[in-house]
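Residue-level structural notes
Listed below, chain by chain, are the residues.
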Amino acid sequence: MKQTIHGGSFRRLVINAAASIEIHKRALNELNVFPVPDGDTGTNMSMTINAAANDLRKLEDPTLEQAANAAASAMLRGARGNSGVILSLLFRGISKRLKGCTACDGVLWANALQEGVDAAYKAVMKPAEGTILTVARLAAAAAKKASEENNYFEFVHEAAIEEAKAALANTVNQNPVLKKAGVVDAGGKGWVVALEAMLLAIRGEDIVVPEDLGAEEVKDAADFADFDTEDITFTYCTEFIISRENDLDPEKLRAFLSSLGDSLVLVDDEEIIKVHVHTNDPGKALHEAMDYGSFVTVKIENMRLQHTEKVMSEQEMAPKIAEPEKAFGVVSVCVGDGIADVFQNLGVDGLVSGGQTMNPSTQDILEVVNTVPAETVYVLPNNKNIIMAAQQVDALTPKNVVVIESKTIPQGITAMLSFNPEGTNEENVSAMTEALATVDTMQITYAARNSDFDGHQIHEGDYLAICNGLFGTSRDIKVLLKSLAEKVRDDGKDYITIYYGADIPEKQAQKAADLFAEVCPDADVNLLRGGQPVYYYLISAE
């Protein structure tokens, strides 16, 4: 039984955990129970921890402190989604506890696990039971108790795993949504997968990702880093991987993407299709690709706002930070060229491409924040799953970063309307935050699978109306539009803005606006092209 670990062992622990999460990624994604296509917990956790694994592979014979610091730094910058951010914070706390240490025994490991839990809980405003936080907290407590009995690292880690597995099984009883679906928490499951992989590393068993699962991704990513983007006229560098689920010919996808942009690379493998393309409409590219299978990863970067060079180097290059030319600036997360235009017209300084199913990392947001020539930069996440990633940026830049916790695009737009570049920081934070509650957001999307949600029987292909939760389902989108219009009328809203998505023709969208105008004759109804993927309509009511 292993008594202590050192730097090389810690390095091996993290690499093993990354490999195991990568292998279990799709299974973790499938634990997401809501029928909107946002099953990305496994993807987010995998991308986060593999950022650390990639950096650790470059280190030869690191000390314990060096290995822990490298892992924590890489995960923090690469964190995606809530689950990825929490995972990065667990390792950040572990790294702090191991600072200055050359070896780690059972007592120190128990304390490190607890410090990781403390760091994660501190970052979450309203921790909910039945999540990765619960699993990590109970596992750390069990480790602490075990360390009082036996100071061997392996003994303590085994105790943490056993408690983590029990805690994970109980998450289905702690969270009403999980209980309704009959599944355990995806993030909690990911932490158990990581802990179990670490134990195998302690025992000398390395986990290897099958070649048909991950090797092709590594090779192709290296090829993408060689592209010269200096003369590219298209705005968005769009990359994604889809798992092949049918016999559709990828050459048709290649022809479509070729007409949509330039710098196209399409790799056709038996298991996946990987795409790199520069385009002005990533929504159309993603929508076309959905016919071929499910997304494994998606990344969209605005090449006019940030450097997109991806060549891996042995040393991290210092970020370029714009000198302050004004007191305040704003960065907004959004997807869809029409919505991007709205934010830019309102005076947003920088845009980060992302949203539902496409959560940008902390690093993605940081790079855009650093381009803003302002002392204080407000960040509008516009999605609840991006808030935590945005909150980590302030610690990584000399700029003062303030996150306005907007959870939808309409909230972000309303907050921007309340921004006063001549006001004080306190006035802006107060006004922008208070504005969030003045707008109701309604969305229409589709169901990706059969499900039972809050007593509603949902079938694959149904249209879904969302307004503070699931509002209704129907095979006829007009039925949902009318119901939402009636709600807006009954709520006495005066201003209605309808943003139609990439999949909706203008004439069809105009009919939706006419319907709202008819049902709400006293309201001011505006129709704008949003160009967003996933959601057919985003509707703002004030």
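Source: prediction; values computed, not measured. (Residues numbered from 1 in each chain as written. Predicted model: local features only at pLDDT ≥ 70, side-chain atom pairs only at ≥ 80, totals over all residues. Heavy atoms only, no water.)

This next bit is on the overall build of the protein chain. Of regular secondary structure, the protein chain possesses 20 helices and 16 strands. For the protein chain, the proportion of its 542 residues judged to be buried stands at 54%. Put simply, 72% of the contacts in the protein chain that link residues at least 6 apart link residues at least 24 apart. Just so you have it, the protein chain exposes about 23500 Å², and 47% of that area is on carbon and sulfur atoms. (Helix = DSSP H or I, 4+ residues; strand = E, 2+ residues; numbered from the N terminus. Buried < 20%, exposed > 50% of the residue type's maximum accessible area, 1.4 Å probe, protein only. Contact = heavy atoms within 4.5 Å. Areas by Shrake-Rupley, 256 points an atom, 1.4 Å probe, with all protein chains shown as cover.)

Here we take up empty space enclosed by the protein. By the definition in use, this model includes four cavities of 30 Å³ or more. Here the largest cavity is characterised by a volume of approximately 60 Å³. Lining the largest cavity are Arg80, Val298, Lys299, Ile300, Ser353, Gly354, Met358, Asn359, Pro360 and Asp364. In terms of residues, the lining of the largest cavity owes the most to one element, strand β4 (residues 293–302), which gives three residues. (1 Å grid on protein atoms, 1.4 Å probe; cavity = no way out; pocket = protein on both sides within 12 Å on 5 of 7 lines; lining within 4 Å. Points joined across faces, edges and corners; volume = space filled by probe spheres on them.)

The next subject is the packing of helix α7 (residues 132–149) against helix α10 (residues 186–202). Direction vectors running N to C along α7 and α10 enclose 40°, while the axes themselves pass 7 Å from each other. In this structure, α7 uses Ile132, Val135 and Ala136 to contact α10, whose residues at the interface are Gly187, Gly188, Trp191 and Val192. Looking at the contact of α7 with α10, its residues break down into five nonpolar, two polar and no charged. (Axes fitted to C-alpha atoms, helices over the stretch in contact; angles between N-to-C directions. Nonpolar A, V, L, I, M, F, W, Y, C, P; charged D, E, K, R; others polar.)

Before going further, it helps to spend a moment on the packing of aromatic side chains. Inspection of the entire model under this criterion finds six aromatic pairs. Where Tyr378 meets Phe419, the ring centres are 5.9 Å apart and the plane angle is 70°; that geometry is what we call edge-to-face. Of this pair, Tyr378 sits in strand β7 (residues 374–380) while Phe419 sits in the loop between α17 (409–417) and α18 (425–435); the two residues are 41 residues apart in sequence, bridging distant segments of the chain. With respect to class, Tyr378 is no different from Phe419; both count as buried. Judged by centre distance (5.6 Å) and plane angle (70°), the ring pair of Tyr463 and Tyr536 falls under edge-to-face. Note that Tyr463 is positioned in strand β12 (residues 463–466) and Tyr536 in the loop between β15 (524–529) and β16 (537–541), a separation of 73 residues in sequence. Overall, the relative accessible area of 24% leaves Tyr463 in the partly exposed class. A connected cluster of aromatic rings, assembled from ring pairs, spans Phe328, Tyr378 and Phe419. (Phe/Tyr/Trp six-rings, centres within 6.5 Å; stacked < 30°, edge-to-face > 60°.)

Moving on, we come to the side chain of Lys399. Residue position: Lys399 is located in the loop between α16 (387–391) and β8 (400–403). Engagement of the side chain of Lys399 in a polar contact is seen with the backbone oxygen of Ala322, the distance being 2.9 Å. Looking at Lys399, its side chain comes within polar contact range of the main-chain oxygen of Val372, at 2.8 Å. In this structure, Lys399 is in contact with Ile321, Ala322, Val369, Asn370, Val372, Pro373, Ala374, Glu375, Val377 and Asp394, ignoring residues within four places of it in sequence. (Polar contact = N/O pair within 3.5 Å; in protein donor to acceptor, adjacent residues only side chain to side chain.)

Before going further, it helps to spend a moment on the confidence of the model for the protein chain. For the protein chain, the average pLDDT comes to 85, and 86% of its residues sit at 70 or higher. Low pLDDT, under 50, characterises residues 214–232; the stretch is placed with 30 contacts to residues that sit more than four places away or in other chains. Segment residues 306–318: pLDDT under 50, and 18 contacts once partners within four positions in sequence are set aside and those in other chains are kept. (pLDDT = per-residue confidence, 0-100.)

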